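Chain by chain, the residues run as shown.
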Amino acid sequence: MTRTAPALDIDAILDDPDTRIIVCCGSGGVGKTTTAAALGLRAAERGRSVVVLTVDPAKRLAQAMGLTELDNTPRRVLSVDGAGKRRGELHAMMLDMKRTFDEIIEAHADPERARQILTNPFYQSLSSSFSGTQEYMAMEKLGQLRRSNEWDLIVVDTPPSRSALDFLDAPERLGRFLDGKLIRILMAPAKAGGRSAFKLLNAGFGMVAGILTKVIGAQVLRDIQMFVTALDAVFGGFRQRAEQTYRLLQAPGTAFLVVAAPERDAMREASYFVERLADERMPLAGLVVNRVHRPLVPSLSAARSSAAAEELDARGEHELTAAVLRLHAGRMQLAAREQRQQEHFTSAHPTVPIAQVPAMPEDVHDLEGLRQIGQLLAS
Amino acid sequence: MSQPTGSRGDSSGEARDTDWDGVRLHVVSGKGGTGKTTVAAALALALAAGGRKVLLVEVEGRQGIAQAFDLPPLPYEERKIAVAPGGGDVYALAIDPEEAMLEYLEMFYGIKRVGKALTRLGVVDFATTIAPGLRDVLVTGKTTEAVRRRDKQGRRVYDAVVMDAPPTGRIARFLNVTQEVAGLARVGPIKHHADLVRGVLASPETAVHFVTLLEEMPVQETLDGIEELRETGLPVGGVFVNMVRPAGLPERVLEAACRGRFDSAELALGLKAAGLADVTADASAIAEALAREVAEHAVRTELEKRERIALEEAGVRRYDLPLLPEGADLAGLYELADTLRTQGAA
């Protein structure tokens with residue numbers, strides 16, 4: 001039996017004043033950023049004050065939204081006279097991960113301590129590397145935007161992680177690290193004012209410290225120690241901060257949209273994501289399936305179409321019709337395969353609402369293109 | 001298959017005349033959704049064909065190889081997963097940075113049985129997820145170790161290693177390990193290790209390939225990736241154009257359709273002749289709908305042509321892989337491997 005998924009009512013989500021955050025997540029290359037931008041535009045045109053936070057948009061999409069630089073500041077894309085009495089606004093920003101990190105340090109440390117951290121080689125490397133920092137900073141920025149209360153809807157596009165779930169884990173991981181035992185080992189020498197402090201620790205700690213010195217070298221260890229000591233004095237409870245962000249994501253005003261393409265790998269990832277969000281008690285709104293191929297003559301099956309093409313070929317007539325029929329058969333096959341992928345998903349997750357967006361021949365280049373995607377999402 | 005051409009060092013396999021003779025490490029990158037894992041798997045099969053031994057590694061913990069070959073998740077262990085046409089072997093390894101780190105400590109420092117302590121104290125977590133660049137050095141380090149590894153007779157253990165690498169947007173950074181660990185280690189053992197890895201990655205024994213679709217964004221990312229690799233002095237390999245659809249219609253028909261001048265009247269006659277419509281009105285309706293499909297196809301074909309021209313400018317070897325009607329299942333992988341061999345990629 002073919003299961004039909006409930007339809008995802010995008011406009012109901014966008015129009016609900018209680019929806020404050022929409023998180024678009026999914027594997028790479030499925031059109032997450034485009035979906036986020038299209039949702040933002042549609043929400044703004046329906047009268048909401050929206051900011052789209054994007055992590056790494058393709059150049060042309062960024063241009064479509066009028067973003068020319070990575071400057072970590074929301075830029076106004078357009079103002080519209082919304083459907084109701086309210087005036088909608090669309091802002092967009094690109095995350096600058098290093099600047100976001102620097103700003104946290106500057107906001108929370110006294111100038112001398114901030115300088116110590118910002119010039120530390122280990123910090124400089126950490127703040128510009130991709131190892132989880134991007135995810136962490138995306139979530140940090142989301143928290144900041146939410147707390148500022150300047151927008152009534154934030155649409156966020158998650159980073160292109162190696163694992164699409166990194167953004168859920170990164171804050172927790174960084175928090176765990178900064179509050180963990182390792183930090184205490186690393187901080188010990190700095191606190192006691194010398195390397196001899198390792199001796200004060202128990203044998204297990206001492207051994208680990210020894211290995212660390214041996215493998216990463218004394219200078220690096222000192223950099224890390226200084227960084228951690230300075231940072232610890234600034235934050236104390238880094239973990240607490242991570243937990244705040246996490247709770248923000250669990251709040252009822254947040255809607256997660258899993259984005260996928262109707263292909264095996266992307267749908268599998270989407271399935272995994274849906275399960276993971278449920279485990280974490282994160283509010284899932286539904287699944288967006290992009291790039292769906294829809295045949296325009298669904299009544300003419302692939303089999304009939306191919307057979308007719310063969311028949312014409314054999315008779316040596318209507319060459320063009322035969323070629324068009326083969327083209328149609330290919331399209332029907334592709335559509336059937338895509339349909340199967342979605343059915344797999346729906347049999348595993350029968351209650352997850354789905355919205356489909358048909359494949360477009362061309363990438364989106366401008367607001368008109370985004371508007372069109374928004375309409376398709378909502379229809 | 002051609003005769004051996006020149007020296008292939010101590011390769012145990014039979015030499016052949018391919019575009020990448022002498023390359024032992026094939027790094028396969030590509031934008032998300034382009035089928036990079038599928039192409040890496042097909043390339044491994046193609047390279048193994050005719051009695052060679054090839055290792056296929058994955059580095060992002062996604063178990064993509066297991067899924068491509070329809071196997072249960074792979075452990076951190078080199079195991080045979082497929083037999084290539086003509087009797088070669090494909091081995092696979094899912095590199096886990098934590099395991100790689102413990103192995104590394106044991107191999108280079110003789111530090112044993114500290115795994116639990118390190119894990120408990122968060123050292124492993126720190127090294128593999130937080131310390132900038134360290135994770136990448138660990139996985140590229142493990143990969144290059146497999147490339148260099150020799151058996152007791154001094155022969156290379158693998159004829160080639162294929163890496164299912166991170167996506168195009170991250171690839172230059174991922175491979176530019178010395179730079180990546182610079183903040184962590186300017187001198188000392190990590191720096192030394194990174195230099196060793198970099199030596200293999202930047203050598204003519206390595207080729208970094210890109211998988212793309214004939215679509216604007218993947219092509220742009222491919223061109224950017226090639227540019228970035230060239231800037232960092234890493235060896236650019238070929239471009240694998242995946243999921244290529246046949247044009248299916250004559251050029252002039254496509255051109256007309258692009259400009260909205262496709263003759264659906266002729267199509268309607270054809271449909272009637274084929275017995276797909278009895279009534280003329282039906283035939284016209286179907287023909288018009290089919291004409292819209294043709295128009296969409298024509299527009300896409302036109303765009304694909306443009307992207308192909310953009311790719312040509314990169315000046316690298318290109319290979320076409322067809323769109324498989326049934327998707328890239330196991331049979332599909334062998335079909336793609338065969339296509340790669342025919343085109344000289346392996």
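Note that the structure is predicted; figures quoted are calculated from it, not measured.

1. Looking at the overall build of chain A
Okay, so step 1: Along chain A, the regular secondary structure elements total 16 helices and 8 strands.
Okay, so step 2: Relative to all contacts within chain A whose residues are 6 or more apart in sequence, the contacts with residues 24 or more apart total 77%.

2. Section: the domain arrangement of chain A
Residue and element names in this part refer to chain A.
Okay, so step 1: Each assigned domain of chain A is listed with its residue range as follows: domain 1 (16-260) and domain 2 (275-364).
Okay, so step 2: Each side of the interface is counted separately: domain 1 has 19 residues, and domain 2 has 16 residues.
Okay, so step 3: Put simply, the parts of the chain that give the side of domain 1 that touches domain 2 at least two residues each are helix H2 (32-45), helix H3 (59-64), helix H12 (238-250) and strand S6 (254-260).
Okay, so step 4: Of the residues that constitute the side of domain 1 that touches domain 2, the class distribution is 13 nonpolar, 5 polar and 1 charged.

3. Comments concerning the nonpolar core
Okay, so step 1: In terms of nonpolar packing, the biggest core is built from 91 residues, with Leu43(B), Ala44(B), Leu45(B), Leu56(B), Val90(B) and Val162(B) touching the most fellow members.
Okay, so step 2: Broken down by element, this core gets its largest block of residues, 10 residues, from helix H1 (residues 36-48) of chain B.
Okay, so step 3: If near-sequence neighbours (up to four positions away) are discounted, Val162(B) is found in contact with His26(B), Val28(B), Ala40(B), Leu43(B), Ala44(B), Leu47(B), Val54(B) and Leu56(B).
Okay, so step 4: Counting 87 residues, the second largest nonpolar core, distinct from the first, contains Leu39(A), Val77(A), Leu277(A) and Met217(B).

4. Examining unusual backbone geometry
All names here are of chain A.
Okay, so step 1: Not every positive phi belongs to a glycine, and Arg 291 is a case in point at roughly 55°.
Okay, so step 2: Following the sequence through the fold, Arg 291 ends up in strand S7 (residues 284-292).
Okay, so step 3: The partly exposed category is assigned to Arg 291, around which 19 C-beta atoms lie within 10 Å.

5. Some thoughts on the pairing of strand S4 (residues 88-94) of chain B
Two faces, one strand: in a regular strand the side chains alternate between the faces of the sheet.
All names here are of chain B.
Okay, so step 1: Counting buried positions over the 7 residues of S4 gives 6, a clear majority of the element.
Okay, so step 2: Here strand S2 (residues 53-58) pairs with S4 via 6 bridges, running parallel. Considered in S4, the bridge of Leu 55 is made with Tyr 91.
Okay, so step 3: Across 5 bridges, the pairing between strand S3 (residues 79-84) and S4 is antiparallel. By the bridge assignment, Val 83 is partnered in S4 with Asp 89.
Okay, so step 4: Taking the residues between adjacent antiparallel strands as the criterion, S3 and S4 are bridged by 3 residues, where Gly 86 takes a positive phi near 80°.

6. Observations concerning the sheet that holds S7(A)
All names here are of chain A.
Okay, so step 1: Within the open sheet, the 8 strands sit side by side as S3-S4-S2-S5-S1-S6-S7-S8. Their pairing is mixed. Strand pairing shows two members of the sheet lacking a second neighbour, strand S3 (75-81) and strand S8 (354-358), which therefore form its edges. The sheet shows a mean angle of 20° between the axes of neighbouring strands, taken without regard to direction.
Okay, so step 2: Here S7 runs beside S8; their pairing, made up of 4 bridges, is parallel.

7. A look at the sheet that holds strand S7 (residues 236-244) of chain B
Residues and elements named next belong to chain B.
Okay, so step 1: Within the open sheet, the 8 strands sit side by side as S3-S4-S2-S5-S1-S6-S7-S8. Their pairing is mixed. If you trace the sheet from one side to the other, it starts and ends with S3 and strand S8 (318-322), each paired once. Sheet twist, expressed as the average angle between the axes of neighbouring strands with direction ignored, equals 25°.
Okay, so step 2: Sheet contacts for helix H6 (residues 134-148): strand S1 (25-30), S2 and strand S5 (160-164); angle to S5, the most-contacted strand, approximately 165°.

8. Section: the environment of Leu8(A)
Residue and element names in this part refer to chain A.
Okay, so step 1: Relative to the elements of secondary structure, Leu 8 occurs in the segment before helix H1 (10-15).
Okay, so step 2: Looking at Leu 8, the number of C-beta atoms within 10 Å reads 20, which means it is buried.
Okay, so step 3: Residues Leu 8 and Val 352, 344 residues apart in the sequence, show an inter-C-alpha distance of 8.3 Å.
Okay, so step 4: Leaving out residues up to four positions away in the same chain, Leu 8 has contacts with Gly 286, Pro 353, Ile 354 and Ala 355.

9. What to know about the domain arrangement of chain B
Okay, so step 1: Per the domain assignment, the segments making up chain B are domain 1 (25-245 + 323-341) and domain 2 (251-297).
Okay, so step 2: For domain 1 of chain B versus domain 2 of chain B, the separation of C-alpha centres amounts to 48 Å.

10. Regarding the pairing of S1(B)
Residue and element names in this part refer to chain B.
Okay, so step 1: With 6 of its 6 residues buried, S1 lies for the most part within the structure.
Okay, so step 2: With burial as the criterion, each face of S1 is covered, one bearing Leu 25, Val 27 and Ser 29 and the other bearing His 26, Val 28 and Gly 30.
Okay, so step 3: Across 6 bridges, S1 lies against strand S6 (residues 206-212) in parallel orientation. Its bridge partner being in S6, Gly 30 is matched across the sheet by Val 211.
Okay, so step 4: Summarising the sheet, S1 and S5 pair through 4 bridges and their orientation is parallel. Residue pairing in the sheet places Val 27 in a bridge with Met 163 of S5.

The rules behind each value
Residues numbered from 1 in each chain as written. Chains lettered and ligands numbered in written order. Predicted model: local features only at pLDDT ≥ 70, side-chain atom pairs only at ≥ 80, totals over all residues. Helix = DSSP H or I, 4+ residues; strand = E, 2+ residues; numbered from the N terminus. Contact = placed C-beta atoms within 7 Å. Domains from an automatic or database assignment. Nonpolar A, V, L, I, M, F, W, Y, C, P; charged D, E, K, R; others polar. Core = buried A, V, L, I, M, F, W, Y, C linked by C-beta atoms within 7 Å. Buried ≥ 20, exposed ≤ 12 C-beta atoms within 10 Å, placed from the backbone. Pairing = 2+ DSSP bridges. Axes fitted to C-alpha atoms, helices over the stretch in contact; angles between N-to-C directions.

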